[in-house]
Number of protein chains: 2
Amino acid sequence: MTIDDVARAAGVSRQTVSRALNDKGEIDASTKQRVLDTAHELGYRPSRFARGLVRQDSISVGLMIPDLLNPFFTEVAAAALEAARKRGWHVVVYDTGDRVEEERGTLEVIASQVDAVVGYLSLPEDEIDKLIRGLPAVLIDREHRAERYNAIRIDGEAGVHAAIRHLADAGHHRIAMLDHAARSEPSIRHHWFATAMAACGLEPVAVSRADQSLEGGEHALRELLAEHPDVTAVFTFNDIIAIGALRAARRLGRRVPRDLAVIGFDGLQLGTLVEPALTTVALDTRELGALTIEQAGRLLARSGPLSHDEAAVKAELRLRESA
Amino acid sequence: MTIDDVARAAGVSRQTVSRALNDKGEIDASTKQRVLDTAHELGYRPSRFARGLVRQDSISVGLMIPDLLNPFFTEVAAAALEAARKRGWHVVVYDTGDRVEEERGTLEVIASQVDAVVGYLSLPEDEIDKLIRGLPAVLIDREHRAERYNAIRIDGEAGVHAAIRHLADAGHHRIAMLDHAARSEPSIRHHWFATAMAACGLEPVAVSRADQSLEGGEHALRELLAEHPDVTAVFTFNDIIAIGALRAARRLGRRVPRDLAVIGFDGLQLGTLVEPALTTVALDTRELGALTIEQAGRLLARSGPLSHDEAAVKAELRLRESA
DNA sequence: TTGAAAGCGGTACCAT
DNA sequence: ATGGTACCGCTTTCAA
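Residues numbered from 1 in each chain as written. Chains lettered and ligands numbered in written order. Predicted model: local features only at pLDDT ≥ 70, side-chain atom pairs only at ≥ 80, totals over all residues. Heavy atoms only, no water.

An unreviewed UniProt entry lists chain A under the name LacI family DNA-binding transcriptional regulator, with Streptomyces mordarskii as the source organism.

Quick look at the structure:
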């Protein structure tokens, strides 16, 4: 079913069909109506590829998200969508379910579908290279693993320092961290935590690892407190883990923040919803999304990319109730 | 920058370039390498449109979501993405921010970008008609407003009946509902509520309207209880409103479920997270997503669409702690 | 107002 | 192993 079929059925040339469909002038009203009618009867739809080929507009970017149901990634995705819409871009979203095979498969197929890829990728850089073959890419939060690709960094150093300082000022000196358990190396957030502790003249009581889920946080806090009952404050890799910890604390009968102070990382809206509201080192996810899209735009336009400093979003301490 | 530029630069024909890029056989290894190198130097990327034009594969659907940050829609989106990925489809996501203006603008531009649209649309059908001009569309949860389009319904009748029956059996007879405030007409969920109440021989104490937000639910419950202090149970339009109500109840010093029973609708994961966990009439969002994509597939294949009964997902009472 | 022809940027088929 | 040519389905330019 092509434009020619419609033309034939309506007894006109295909240019006339094109005119009718695209609301161009220079066409008799009755002809137009007749063409429109036959097109409708035939159930004709113009090929988006043929159209795109000739009108060189419309940009679409692929957005890679590890798990859309994780509220943090939901916020990032929403922010990226918003920034893209302002430019009239289309965003093709892929949820890789945190599986590298899915990442691979998606990247393999993505190259012929979008003009750029943005988002979270856990594959090593050389493998990404092979898969996307020059497709412009903007990776988010690669921590120390972003060498060759343009990445948007999350700079939580000052925020974490402020958080630890806040705990220290409140008299806490038995402080622990719940880091994530995904990769074998400690996270960069842990690094910030360690230097912040040192700057306050404090020694971490312990650093446990938690799955990035409510249950993960709950479980990890229970274990932590079992081993170190004297801990009075915890800093966590992210808000999800922190909220799990909050729940564990409540079930253990520890009152937050009186018996145990909890500080998360991310600044999720979800944190305002729990009781007590979560104190956290907050990220501006909308800025993160905007920067990501901005960087993609620069790559596509081949104008200079954002500098190392510009390509970062700073996180800052947001005091609520849990610390 | 086209395939011809690369061919010229490498001193070969464009077919040879095509072979090199697509890993076809029948090409000298050294030639291939030379072509690949020049392509890389030139920063050449094949046009996805030209490619799509000749290889007629790859389907992409537009997914319209009113507000991705609303956890319910996040779940639906994730479910649709999952179902689409199983078929190898690409999903272009549009967050309309609950504004009809955005809906219009998106639909207008979408027709030349995707093979089908699915999701939530609040525009009236005749306006949708004009905008998408025959693009296959699957609307979700149009309640009673879906006449001509294929829609996936949410059938909560039995679930709501079970919920009200549960309340009645627990001795509640002062029951109210917090409906949504979006449209002027009462929701179909309200209709189910009303018939369920009647079936139990009960008379609703009141039906208030709430914005679909935590604050909306909180506010609405306060007003409701101010006017009708004798209410002992509420059924809400959705879980978000219910969670807001939960918060209001706690702040008013009403213990849930002892002083006030609360039942929501949707079955959000979020509801397991609040304290007490929310009893709700739960929807299988994954099934909803799967059905939506399935229906889109049938429309594209021009095979028969799902029947009225098949195109529905049933909601059922999920007892947790709040009632 | 309408139609013929020339692309848009690729891939596939058939020679060479 | 490589190149010539047709063609994918549509829009734009130019004549008629």
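There is more to say, and it comes next.
### Points about the UniProt feature "domain: HTH lacI-type" (unreviewed entry) in chain A
Let me state the cut-off plainly: UniProt positions are given in the numbering used here, feature names are shortened, and annotations may be inferred rather than shown by experiment. For the purposes of this entry, the term helix denotes a DSSP run of H or I that reaches at least four residues, the term strand denotes a run of E that reaches at least two, and both are numbered from the N terminus.
In this numbering, the UniProt entry assigns the feature "domain: HTH lacI-type" (unreviewed entry) to residues 1-55 of chain A. For the annotated span residues 1-55 of chain A, helix accounts for 67% and strand for 0% of the residues, and the straight-line distance between the end C-alpha atoms is 21 Å.

### Here we look at the UniProt feature "domain: HTH cro/C1-type" (unreviewed entry) in chain A
UniProt tags residues 1-31 of chain A as "domain: HTH cro/C1-type" (unreviewed entry). As annotated, residues 1-31 of chain A has a helix share of 61% and a strand share of 0%, and its two end C-alpha atoms lie 20 Å apart.

### Observations concerning the packing of aromatic side chains
As a reminder, the rule being used: Here a pair means two rings of Phe, Tyr or Trp (six-membered ring of Trp) with centres within 6.5 Å. Their orientation is stacked below 30 degrees between planes, edge-to-face above 60, and tilted elsewhere. Only protein chains enter the area calculation, which uses a 1.4 Å probe; residues under 20% of their type maximum are buried, those over 50% are exposed, and those in between are partly exposed. In our convention, an over-ring charge means Lys NZ or Arg CZ found within 6 Å of a ring centre and within 35 degrees of that ring's normal.
On inspection of all chains with the given rule, the structure shows eight aromatic pairs over all chains. Ring geometry for Phe193 of chain A and Phe235 of chain A: centres 5.9 Å apart, planes at 15°, overall stacked. Of the two residues, Phe193 of chain A sits in helix α9 (residues 188-199) while Phe235 of chain A sits in strand β8 (residues 233-236), which places them 42 residues apart along the sequence. Each member of the pair, Phe193 of chain A as well as Phe235 of chain A, carries the same accessibility label: buried. Lying across the ring of Trp89 of chain A, Arg87 of chain A places its NZ or CZ 5.1 Å from the centre. Positioned above the aromatic ring of Phe237 of chain B is the side chain of Arg189 of chain B, whose terminal nitrogen or guanidinium carbon lies 4.3 Å from the ring centre.

### Let's talk about the relation of the copies chain B and chain A
We count it as follows: Copy-to-copy superposition: least squares on the C-alpha atoms, limited to residues that have pLDDT of at least 70 in both copies.
When chain B is fitted to chain A, the best match, at an RMSD of 0.1 Å, comes from turning it 180° and sliding it 0.0 Å along the axis. The superposition of one copy onto the other is thereby described by a two-fold rotation axis.

### Here we look at the protein's contact with DNA strand D
We count it as follows: Put simply, a residue is near a molecule or strand once any heavy atom of it comes within 4 Å of that molecule or strand. Pairs of N or O atoms are called polar contacts if they sit within 3.5 Å, as long as, within protein, a hydrogen donor faces a hydrogen acceptor (for residues adjacent in sequence, only side-chain-to-side-chain pairs). Note that Gly is not counted as nonpolar here; it falls among the polar residues with everything else outside the nonpolar set of Ala, Val, Leu, Ile, Met, Phe, Trp, Tyr, Cys and Pro and the charged set of Asp, Glu, Lys and Arg.
Residues in contact with DNA strand D amount to 29 residues; listed here are only the nearest, Ile3, Arg14 and Tyr44 of chain A together with Gln15 and Arg19 of chain B. For DNA strand D, the backbone makes up 57% of the atoms found within 4 Å of the protein, where backbone means sugar plus phosphate. Residue Asp28 of chain B places a main-chain N or O atom 2.8 Å away from a phosphate oxygen belonging to DNA strand D. Here a phosphate oxygen of DNA strand D sits 2.7 Å away from a polar atom, N or O, in the side chain of Thr31 of chain B. Elements supplying a minimum of two residues to the surface near DNA strand D: α2 (14-21) and α4 (48-54) of chain A together with α2 (14-21) and α4 (48-54) of chain B. The class makeup of the residues in the surface near DNA strand D is ten nonpolar, ten polar and nine charged.

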